[in-house]
Each structure stands twice: as C-alpha cells, then as structure tokens.
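Results of the structural survey
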Amino acid sequence: DKWSTTNVRNTFVEYFKAKHNHVNQVSSPVVPLLDPTLLFANAGMNQFKPIFLGQVDPSSPLANLKRACNSQKCIRAGGKHNDLDDVGRDTYHHTFFEMLGSWSFGDYFKEEAIEWAFDLLTNVYKIDQSRLYATYFGGDDKLGLPADTEARDFWLKYLPADRVIACDAADNFWEMGDTGPCGPCSEIHYDRIGNRDASALVNADDPDVIEIWNIVFIEFNRDESGLKPLPNKHIDTGMGLERLASLLQGKPSNYDIDVFQPLFSTIAASSKKGPYQGMVGTDDVTLRDTAYRAIADHARALSFAIADGAVPSNEGRGYVLRRILRRGVRYGQQILEADRGFFAKLIPIVVETFSEAYPELKAKEKDIIEIIEDEERAFGTMLDRGIVHFEELKVKMKDSKRDTVSGSEAFFMYDTMGFPPDLTEQMAEEANLKFDMDGFKKEMETQKERSRLDRKQKRSGASSIVLELIAEQTDYLSKQGILPTDDSSKY
Ligand code: ATP
Ligand code: MG
Ligand code: MG
Ligand code: MG
C-alpha cells in the first residue's frame with residue numbers, strides 16, 4: 001500500500017515543506033466559529049482570508065507567513081459550495097473531504113505554482129502525464145476580465161495544446177462565498193481510462209474524467225459593491241485527497257479507497273441488502289450502493305463536525321448537521337433495512353481510521369457517540385412512521401393519478417415526523433414523483449404566521465386551554481428536534 005491515503009497526504013505536505021520551503025500550517029477546525037460568512041470550512045484558504053485581505057495584525061505569527069501547505073478538513077453542505085444532493089448519488093463528491101493545499105502569500109505566482117503541481121503529480125506520485133488535462137480561465141465579459149493566456153502558456157510547457165482547455169467563469173473563476181478573496185483559476189483533470197481524447201469530458205460530470213486539483217490566482221476581493229483588486233497576488237491551491245488517492249490506488253472511484261472499506265464492512269453487518277458493489281443509478285439495486293456511500297460519508301462528516309464543536313440542532317450549522325444525519329439514517333433504515341441504531345456504530349470506525357491524522361476525534365469520541373445516539377434515537381421512531389406514511393401516500397397518489405407530492409403533504413411529514421423537506425423530496429424522486437418545494441415553503445410561512453398570531457392572542461389575554469396545549473406541544477416538539485426554530489427555513 002505505497003499510496004495509502006495516509007501516504008498520499010504525508011507526501012503532499014512533505015513535498016511542499018522539504019522541496020519548496022512551505023510551512024505546514026495545520027487544518028483549521030471544520031466549524032469556523034469566528035467567520036459568520038461561512039457555514040463550514042469549504043476550502044483550505046478559509047483560514048488565510050485575513051492574509052489575502054491584508055488584515056493580519058503585524059504581531060501575529062501569520063504576518064510573516066510567505067508559503068504554507070496542509071491537509072484541510074472541509075464540509076460542503078451549505079452556502080456557495082453545497083454538494084449534499086450529489087453525495088452518494090455520484091462517486092466523487094463528499095460532504096466531508098480533505099483538501100490538500102499549498103499557498104503563496106504575495107510570494108511566487110503562476111509559473112512556479114504550475115511547475116510544482118506538474119512536478120509533484122508526474123515525478124513524485126508518478127502519474128502518467130498523458131492522463132492529465134489542464135483548464136484555464138477563458139475570460140468573461142460580465143466580470144470584465146480577459147482570458148488567462150499566461151496560465152495557458154505555462155501549461156503548454158508541459159502538456160500538448162489539445163489537453164490545455166479554456167473554460168468559463170462557472171468552472172474557472174473561484175470564489176469562497178458571496179464575498180471574500182477570489183480569482184481566476186487553472187484546474188488539473190485526470191482521465192481514469194486513458195488512450196483516448198477525453199477533452200470533451202472535462203467538466204462534464206463524467207465519473208471517469210475528474211477534476212483533481214485547482215490552482216487559484218487570488219487577485220481580487222469581492223464585497224457588496226463588486227470585485228476589487230487586492231494589493232498583492234497570491235497562490236491558493238486545493239486538491240481532493242480522496243480523488244487523488246483513488247487514482248493512485250488504481251480504483252474506479254473515491255469510495256473504493258482504503259479509508260472507506262472498514263466503514264463499508266461495518267455497514268454491511270447491518271445491511272439486509274448485501275455488501276457494497278460500487279454501482280451508480282436509481283433503480284432498487286443500485287440504490288443500495290448509493291445508500292452505502294451516503295451513510296459512510298455522513299458518518300465521517302458528523303464525527304468531524306461534532307469533534308470540532310458543532311451539535312445537531314434546529315438552526316444554522318446545527319440544522320445542516322441534523323439534515324445530514326437524517327439523510328444517512330433514512331438511507332440505512334429504508335434502503336438497507338438496517339436496524340435502528342446502526343448509524344452510531346460507525347463512529348468508532350471513523351475515529352479509528354482517522355485519529356492518527358486528526359487526534360481530536362479520539363479525544364471527543366465519547367461525546368460524538370453520545371450525541372449521535374441521541375439524535376438517531378429521536379429520529380428513528382418518527383422515521384419508521386414516516387416510511388409507512390409515505391408508502392400509503394404513494395398508493396393514494398397512484399389511485400388518484402397524481403404525480404406531485406404537495407407542499408402540504410411535505411409539511412405534514414416535516415411537522416409531525418421531523419422529515420426535512422429535502423429528505424421527502426429525495427423519497428419522492430426515488431418513487432419517480434415530483435415535489436413541490438415552493439408549496440412547502442408557503443406552508444412554512446403560513447405556519448409561522450399562525451404561531452405569531454397565537455402568541456399575540458395569548459398576550460391579549462385570549463389564552464385558552466387549547467392555546468396553552470399547542471404552546472406546550474410546540475415546545476416539546478422543538479426540544480425533541482421535530483420543529484425547527486424560525487431561521488432554519490433558510491436551509
Ligand atoms: P467539482 O467541480 O468536482 O465539484 P470544485 O471545482 O467545486 O469540484 P474546488 O472548489 O475547485 O472544487 O476544490 C478544489 C478540489 O477539491 C477539487 O479539485 C476536488 O479535487 C476537491 N473537491 C471539491 N469538492 C469536493 C467534494 N465535494 N468531495 C470531494 N472532493 C472535492
Ligand atoms: Mg463543486
Ligand atoms: Mg469544478
Ligand atoms: Mg474547481
């Protein structure tokens with residue numbers, strides 16, 4: 001296992017440290033408690049935002065940092081970078097993943113960044129260069145920016161012209177969020193098949209031609225008024241560790257790498273549908289593998305997030321975590337017919353697999369297990385009822401030839417059984433039904449209005465035993481995590 005995930009990670013950091021004088025700046029917490037613009041760390045550059053913006057206190061150790069590298073814990077399940085809907089359904093997006101990163105803060109720029117990326121991939125990891133494609137920013141009128149011919153020309157030193165591709169701003173202008181440091185980027189893509197022209201498959205959602213590394217040329221800051229040039233130019237690179245490990249291990253997908261196998265064995269012990277077989281699709285058989293991927297992913301995401309101080313709840317980050325957990329538990333109980341409580345059993349496996357690199361997991365293991373057991377228990381009972389309820393709904397809809405799960409039906413499942421709307425939407429999709437998300441949102445508004453009125457009536461002295469009972473139940477349901485607080489409707 002020359003290229004175990006551990007070795008792939010260490011080799012990256014060592015390359016930039018030993019060969020190019022970078023400082024190993026360890027991963028920041030995946031829960032960015034100090035940045036209100038950010039739900040979870042979504043890229044390695046997040047923790048360096050003040051450096052890019054020139055806002056570092058001169059006495060801070062960061063003030064003199066010129067070059068850095070690390071492996072950063074990331075979660076992309078909300079905000080600008082939200083991959084939750086794809087997770088499990090494809091084989092190369094996770095909610096939680098590790099991003100290998102290297103940075104230059106006003107130091108070296110495009111030429112070195114491209115040279116070293118190519119050197120590391122082809123001379124250290126020994127990747128066959130004929131499998132590699134590079135993209136560069138093709139220019140954009142709306143942003144008022146020309147094509148990045150500099151990046152293109154540096155790539156042409158290493159790759160033939162038919163494997164150096166211009167792409168639009170959607171893929172090649174990188175931004176961390178609605179505001180913050182940003183810039184044009186140049187990405188490296190890998191063809192798992194080889195011996196063919198795969199240029200048309202780059203950035204085309206093909207699982208065999210995947211983006212592995214993004215080199216961002218941070219030159220701007222976006223604020224409410226638009227793009228502003230920064231005083232200095234910076235390099236910010238990010239490479240998906242699991243994607244890189246998959247190709248170095250010669251595996252067809254991220255989920256076939258070493259670190260997922262102990263998780264899959266543990267899930268298999270609870271599955272009544274047999275072991276993981278790596279298929280992708282939406283029919284009954286392939287749905288099993290979707291469930292395996294989602295569950296393994298979600299167990300990792302929750303473990304890392306809780307270790308860093310987040311807790312599933314009814315608002316903000318906490319509600320994102322609650323939705324991830326319910327998504328995972330639903331896949332297990334409904335699709336794999338796993339027994340209740342299967343999900344918490346995965347936590348010790350996550351801890352064992354990742355503690356060497358991330359000791360905080362071991363330190364928080366007891367808390368993580370306890371929190372997840374509680375969450376899973378609270379949802380498990382409601383989930384069984386919800387599954388039965390949805391089956392009945394399907395029959396009713398078939399009888400009356402309806403094809404859309406209505407807002408009020410989704411609201412009922414949300415209100416009485418704790419089903420986040422995206423979960424009901426997913427179940428509708430699996431049953432080839434449509435889903436009325438706008439209708440659901442309207443129901444939420446009506447419900448909020450109703451509870452405002454109730455509160456008002458109560459204040460005006462009109463409180464009746466009925467209103468008190470409603471208030472008590474609302475309170476109870478909130479405490480059980482069944483009803484959200486006001487601002488969770490955003491998610
Ligand atoms: P994609 O186009 O595949 O969604 P991206 O362009 O959104 O990726 P970047 O923001 O450029 O990704 O992040 C840098 C690198 O992190 C990517 O090149 C990829 O290797 C990895 N990466 C991004 N999102 C994920 C994810 N959800 N799961 C695993 N790896 C990811
Ligand atoms: Mg993406
Ligand atoms: Mg991309
Ligand atoms: Mg990218």
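Predicted, not measured: the structure shown is a model, and the values here were computed from it.

What follows deals with the overall build of the protein chain. Counting its secondary structure elements, the protein chain contains 16 helices and 13 strands. What you see for the protein chain is a C-alpha radius of gyration of 24 Å, in line with the 23 Å of a compact globule of 491 residues. Taking the principal axes of its C-alpha atoms as reference, the protein chain extends roughly 75 × 55 × 45 Å. Buried positions account for 45% of the 491 residues belonging to the protein chain. Once local pairs closer than 6 in sequence are excluded, the contacts in the protein chain between residues at least 24 apart make up 72%.

Residues other than glycine seldom take positive phi values, yet asparagine 195 does so here, at roughly 55°. Note on placement: asparagine 195 falls in the loop between strand 9 (180-191) and strand 10 (209-223). Residue asparagine 195 is classed as exposed on the basis of its C-beta count, with 8 C-beta atoms lying within 10 Å. Of note, asparagine 203 is a non-glycine position whose phi angle comes to about 60°, a positive value. With respect to the secondary-structure elements, asparagine 203 resides in the loop between strand 9 and strand 10.

Compared with an ideal rise of 1.5 Å per residue, which puts 15 residues at 21 Å, helix 3 (residues 110-124) spans 20 Å between its outermost C-alpha atoms and is within 8% of the ideal. When helix 3 is considered as a whole, its buried residues turn out to be Lys110, Ala113, Ile114, Trp116, Ala117, Phe118, Leu120 and Leu121.

So, about the site of ligand 1. The local shell around ligand 1 holds 15 residues, among which His93, Phe97, Asn214, Gly238 and Gly240 are the closest. Secondary-structure elements contributing two or more residues to the shell around ligand 1 are strand 5 (96-104), strand 10, strand 11 (226-240) and helix 6 (241-248). No other element matches strand 10, which puts 4 residues into the shell around ligand 1. Looking at the shell around ligand 1 residue by residue, the class counts come to 5 nonpolar, 5 polar and 5 charged.

With that out of the way, let us pick up the packing of helix 9 (residues 316-335) against helix 12 (residues 365-399). For the pair helix 9 and helix 12, the least separation of the axes is 10 Å and the interaxial angle reads 55°. Relative to helix 12, helix 9 is oriented oblique. Judged by the twist between their axes, the crossing of helix 9 over helix 12 is right-handed. Packed against helix 9, whose contacting residues are Arg322, Leu325, Arg326, Val329, Arg330, Gln333 and Gln334, the element helix 12 presents Glu375, Glu376, Phe379, Gly380, Leu383 and Ile387 at the interface.

This part takes up the nonpolar core. Core analysis: the largest hydrophobic core is formed by 117 residues, its most contacted members being Ile75, Ala117, Ala299, Leu302 and Ala305. Here this core takes 13 residues from helix 8 (residues 284-307), the largest share from any one element. Shared between two domains, this core holds at least three residues of each, these being domain 1 (5-248) and domain 2 (257-400 + 411-417). Apart from the residues within four sequence positions on either side, alanine 299 is in contact with Leu263, Gly328, Phe343, Leu346, Ile347 and Val350.

Turning next to the environment of arginine 163. When you line up the elements, arginine 163 lands in the loop between helix 4 (149-155) and strand 7 (164-167). Note: C-alpha distance between arginine 163 and isoleucine 218 (55 residues apart in sequence) is 24 Å. In contact with arginine 163, not counting residues within four places along its chain, are Leu132, Tyr133, Ala134 and Ser199.

This part covers the confidence of the model for the protein chain. For the protein chain, per-residue confidence averages 93 on the pLDDT scale, and residues scoring 70 or more make up 93% of the total. For this predicted complex, the interface confidence comes out at an ipTM of 0.99, alongside a pTM of 0.92.

Attention now goes to the pairing of strand 11. Inspection of the sheet shows strand 5 paired to strand 11 by 6 bridges, in the antiparallel sense. Looking across to strand 11, one finds that serine 102 is bridged to threonine 237. Across 10 bridges, the pairing between strand 10 and strand 11 is antiparallel. Note on strand 11: the bridge partner recorded for isoleucine 218 is histidine 234. Between strand 10 and strand 11, which follow one another and run antiparallel, lie 2 residues.

Strand direction decides the pairing type here: strand 6 (residues 132-137) and strand 7, joined by 4 bridges, are parallel. From the neighbouring strand, alanine 134 faces strand 7, where its bridge partner is valine 164. Remark: the strand 6/helix 4/strand 7 crossover connection has right-handed handedness.

Below, the discussion takes up helix 9. Taking 1.5 Å of rise per residue, 20 residues should cover 28 Å, and helix 9 covers 28 Å from first to last C-alpha, within 8% of that figure. One or two steps after helix 9, the chain reaches glutamate 337, where phi turns positive at roughly 50°.

Okay, the environment of threonine 416 next. Here threonine 416 lies in helix 13 (residues 407-417). According to the C-beta neighbour criterion, threonine 416 is partly exposed, with 15 such atoms within 10 Å. Sequence spacing of threonine 416 and asparagine 232 is 184 residues, and the spatial spacing of their C-alpha atoms is 54 Å.

Once that is clear, we can look at the packing of helix 1 (residues 5-20) against helix 6. Two numbers describe how helix 1 lies on helix 6: the axes approach to 9 Å, and their chain directions differ by 115°. For the element pair helix 1 / helix 6, the angle class is roughly perpendicular. In this structure, helix 1 meets helix 6 at a crossing whose hand is right-handed. On helix 6, the residues that touch Thr5, Val8 and Arg9 of helix 1 are Leu241, Leu244, Ala245 and Leu248.

Moving on, we get to the environment of proline 421. Its location among the elements puts proline 421 in helix 14 (residues 421-430). Owing to 24 C-beta atoms within 10 Å, proline 421 belongs among the buried residues under this scheme. Separated by 15 residues in sequence, proline 421 and aspartate 436 place their C-alpha atoms 9.7 Å apart. When near neighbours in sequence (up to four residues on either side) are disregarded, proline 421 contacts Ala410, Tyr414, Met437 and Phe440.

Cut-offs applied
Residues numbered from 1 in each chain as written. Chains lettered and ligands numbered in written order. Predicted model: local features only at pLDDT ≥ 70, side-chain atom pairs only at ≥ 80, totals over all residues. Helix = DSSP H or I, 4+ residues; strand = E, 2+ residues; numbered from the N terminus. Rg over C-alpha atoms; globule rule 2.2 N^0.38 Å. Buried ≥ 20, exposed ≤ 12 C-beta atoms within 10 Å, placed from the backbone. Contact = placed C-beta atoms within 7 Å. Expected span 1.5 Å × (residues − 1). Near = placed C-beta within 6 Å. Nonpolar A, V, L, I, M, F, W, Y, C, P; charged D, E, K, R; others polar. Axes fitted to C-alpha atoms, helices over the stretch in contact; angles between N-to-C directions. Parallel < 35°, antiparallel > 145°, perpendicular 65-115°, else oblique. Left-handed = near helix turned anticlockwise from the far one by under 90°. Core = buried A, V, L, I, M, F, W, Y, C linked by C-beta atoms within 7 Å. Domains from an automatic or database assignment. pLDDT = per-residue confidence, 0-100. Pairing = 2+ DSSP bridges. Right-handed = clockwise from strand over helix to strand, strands pointing away.

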